[in-house]
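Notes for the structure review
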Amino acid sequence: VQLQASGGGLVQAGGSLRLSCAASGRTFSDYEMGWFRQAPGKEREFVAAIRWSGGSTLYADSVKGRFTSSRDNAKNTVYLQMNSLKPEDTAVYYCAAGKLWSRYERHYDYWGQGTLVTVSS
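These notes cover the structure that comes with them.

1. Regarding the pairing of strand 5 (residues 45–50)
Along strand 5, 5 of the 6 residues are buried, which leaves the element largely enclosed by surrounding structure. Relative to strand 5, strand 4 (residues 32–38) is paired through 5 bridges, and the arrangement is antiparallel. In the strand pairing of strand 5, R37 is matched with E45. Counting the residues between successive antiparallel strands, the hairpin from strand 4 to strand 5 contains 6 residues, one of them, G41, with a positive phi of roughly 80°. Across 3 bridges, strand 5 lies against strand 6 (residues 57–59) in antiparallel orientation. Bridge pairing links A48 to Y59 in strand 6. The loop that links strand 5 with its antiparallel partner strand 6 comprises 6 residues; one of these, G54, has a positive phi angle of about 80°.

Now the structure itself:
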């Protein structure tokens, strides 16, 4: 599976962005999808995960209630809607695909290149 993340940019605190992750190469609906992020000087961390059906999601406590993940299997695309953004959300955001619906990096086999989100105060 090849993954291409997009939609990052510069936004003021309190604003919104929607990230997209387009998949190609294999049957997209066979995979659970995850979002992770890595802030400058920090380790990569879990953000959200969505089941292949789109029916179930997991979120990190730090983004719960502000971020929403969804997917469109017909378009081979997963989304991360980010609202009420905070400066601490500044990071490179990565999408990932794997066979387990999980918050752990080791369960994902394929990774996108990342898209930078910068939230100014």
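Structure's up, so let's keep going.
2. Some remarks on the state of the cysteines
Counting across every chain of the model gives 1 disulfide. Across the disulfide from C21 sits C95; the S-S distance is 2.1 Å. Linking C21 and C95, the disulfide has an S-S dihedral of approximately 65° and is accordingly described as right-handed. Note that C21 is positioned in strand 3 (residues 17–24) and C95 in strand 9 (residues 91–98), a separation of 74 residues in sequence. Owing to a relative accessible area of 0%, C95 belongs among the buried residues under this scheme.

What counts and how
Residues numbered from 1 in each chain as written. Predicted model: local features only at pLDDT ≥ 70, side-chain atom pairs only at ≥ 80, totals over all residues. Heavy atoms only, no water. Buried < 20%, exposed > 50% of the residue type's maximum accessible area, 1.4 Å probe, protein only. Helix = DSSP H or I, 4+ residues; strand = E, 2+ residues; numbered from the N terminus. Pairing = 2+ DSSP bridges. Disulfide = S-S within 2.5 Å.

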